[in-house]
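Below are the chains, spelled out letter by letter.
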Amino acid sequence: MSKVHVMDHPLIQHKLTLIRDKNTGSKEFRELVEEVALLMGYEVTRDIQLKEVEIDTPMGKAKTKVISGKKVGLVPILRAGLGMVDGMLKLIPAAKVGHIGLYRDPETLEPVEYYCKLPSDVEERDFIIIDPMLATGGSASAAITFLKQRGAKSIKFVCLIAAPEGVSRLQEDHPDVDIFVAALDEKLNEDGYIVPGLGDAGDRLFGTK
Ligand code: PRP
Ligand code: URA
């Protein structure tokens, strides 16, 4: 069973409140989503591998550690996942970025794929899939399946807000994928939107309706 990590650091909670507020405009919304992604990235990368090196400090030799160079793949689910890319890349600038384009059919709520471009060395990378919203879980589950079909062995899923339905779906479909969330919300409404949530993440990021 995959683990669910709820990252409720006070800074994340504060910024998430501003993100949820319907009076927060697109510019501020984008900045806040990027900031929360960076703060979450700190915890998501906690198990990144290190190796020992020897360096010279002004005081002499020291055996110390650096990141071992294991390759990371960052995969935003289009469109709204794009809002989290820059925050994560500030922490892991060497990551390669793949893109998976999915939209949720408004009638069936089923994900429809329209784009997929991944780094060529999929099997060698540790993947982090990012999307602000985990609602029914259909989009995240499909994105993870695409990555696995192309050979990915190590995948984490990171979102800002999750509904219980989405978490259960991912745990059932992909028990090997750990889930990182900033908040677990109450429920989905009849249109498949997270309540209280933040509304439509893509529209709020890009100013569309
Ligand atoms: C949103 C969101 C997720 C998906 C979550 O994308 O960014 O990808 O819905 O819903 P689910 O868990 O029920 O699949 P949307 O389909 O609105 O596309 P967009 O990002 O292009 O606006
Ligand atoms: N997609 C969103 O953007 N928001 C939700 O609440 C659910 C799906």
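Residues numbered from 1 in each chain as written. Chains lettered and ligands numbered in written order. Predicted model: local features only at pLDDT ≥ 70, side-chain atom pairs only at ≥ 80, totals over all residues. Heavy atoms only, no water.

> How would you summarise the overall build of the protein if you had to cite specific residues and measurements?
The helix and strand tally for the protein stands at six helices and 13 strands. Taken against the 2.2 N^0.38 rule, which gives 17 Å for 209 residues, the C-alpha radius of gyration of the protein at 18 Å falls within 12% of a compact globule. If one aligns the C-alpha atoms of the protein with their principal axes, the spans along those axes are about 65 × 40 × 30 Å. In the protein, buried positions account for 45% of the 209 residues. Residue pairs in contact within the protein that sit at least 24 positions apart in sequence constitute 64% of those at least 6 positions apart. Accessible area of the protein: about 11,100 Å², with a carbon and sulfur share of 52%. Seen as two clouds, the 27 positive and the 32 negative side-chain charges of the protein have centres 6 Å apart. (Helix = DSSP H or I, 4+ residues; strand = E, 2+ residues; numbered from the N terminus. Rg over C-alpha atoms; globule rule 2.2 N^0.38 Å. Buried < 20%, exposed > 50% of the residue type's maximum accessible area, 1.4 Å probe, protein only. Contact = heavy atoms within 4.5 Å. Areas by Shrake-Rupley, 256 points an atom, 1.4 Å probe, with all protein chains shown as cover. Lys, Arg positive; Asp, Glu negative; His and termini not counted. Charge placed at Lys NZ, Arg CZ, Asp CG, Glu CD.)

> Just give me the short version of the side chain of threonine 136, but keep the residues and values in it.
By secondary structure assignment, the location of threonine 136 is in the loop between β9 (133-134) and α4 (138-149). Setting aside anything within four residues of it in sequence, one finds threonine 136 in contact with Arg104, Leu109, Glu165, Gly166, Arg169 and Leu188.

> An account of the site of ligand 2 is requested, with residue identities and associated values reported.
Every residue near ligand 2 is listed here: Arg104, Met133, Ala135, Gly192, Tyr193, Ile194, Gly199, Asp200 and Ala201. Within the backbone of glycine 199, a nitrogen or oxygen atom sits 2.8 Å from a nitrogen atom of ligand 2. In this structure, alanine 201 approaches ligand 2 through a main-chain N or O atom, which is 2.8 Å from an oxygen atom. Residues of the shell around ligand 2, tallied by class, amount to five nonpolar, two polar and two charged. (Near = heavy atom within 4 Å. Polar contact = N/O pair within 3.5 Å; in protein donor to acceptor, adjacent residues only side chain to side chain. Nonpolar A, V, L, I, M, F, W, Y, C, P; charged D, E, K, R; others polar.)

> Any details on the packing of helix α1 (residues 10-20) against helix α2 (residues 26-44)? Residues and values, ideally.
Their axes nearest at 10 Å, the elements α1 and α2 cross at an angle of 155°. Classified by the interaxial angle, the pair formed by α1 and α2 is roughly antiparallel. In this structure, α1 meets α2 at a crossing whose hand is left-handed. Of α2, the residues touching α1 (which contributes Leu11, Ile12, Lys15, Leu18 and Ile19) are Phe29, Leu32, Val33, Glu35, Val36, Leu39 and Met40. Residues of the contact of α1 with α2, tallied by class, amount to 10 nonpolar, no polar and two charged. (Axes fitted to C-alpha atoms, helices over the stretch in contact; angles between N-to-C directions. Parallel < 35°, antiparallel > 145°, perpendicular 65-115°, else oblique. Left-handed = near helix turned anticlockwise from the far one by under 90°.)

> With reference to specific residues and values, describe the site of ligand 1.
Lining the immediate environment of ligand 1, one finds 15 residues, of which Arg104, Asp131, Thr136, Gly137 and Ser139 sit closest. Here an oxygen atom of ligand 1 and a side-chain polar atom of threonine 136 are 2.5 Å apart. Interatomic distance of 2.6 Å between a side-chain N/O atom of serine 139 and an oxygen atom of ligand 1. Contact with the protein chains hides 90% of the accessible area of ligand 1, taken as 500 Å² for the molecule alone.

> Account for a nonpolar patch on the surface, with residues named and values stated.
Together, Val4, Val6 and Leu184 make up an exposed nonpolar region whose accessible area comes to about 210 Å². Note on placement: valine 4 falls in strand β1 (residues 4-6). Look at valine 4 and you get partly exposed, because its relative accessible area is 31%. (Patch = residues over 30% accessible without salt bridge, like charges linked within 9 Å, V, L, I, M, F, W, Y side chains within 5 Å. Salt bridge = Lys/Arg side-chain N within 4 Å of Asp/Glu carboxyl O.)

> Would you mind going over the nonpolar core in detail, with residue names and values included?
If you look at the biggest cluster of nonpolar residues, it comprises 35 residues, and the most contacted ones within it are Ile19, Met40, Ile128, Ile130, Val158 and Leu160. Taken together, the elements giving at least two residues each to this core come down to α1, α2, β4 (72-78), α3 (85-91), β8 (126-130), β10 (154-162), β11 (178-184) and α6 (201-206). Considering each element in turn, this core owes the most residues, seven residues, to α2. Excluding residues that lie within four positions of it along the chain, valine 158 makes contacts with Met40, Val44, Met84, Met88, Ile128, Ile129, Ile130, Asp131 and Phe180. (Core = buried A, V, L, I, M, F, W, Y, C linked by side-chain atoms within 4.5 Å.)

Interpretation note: all reported values are geometric properties and have no functional meaning in isolation.
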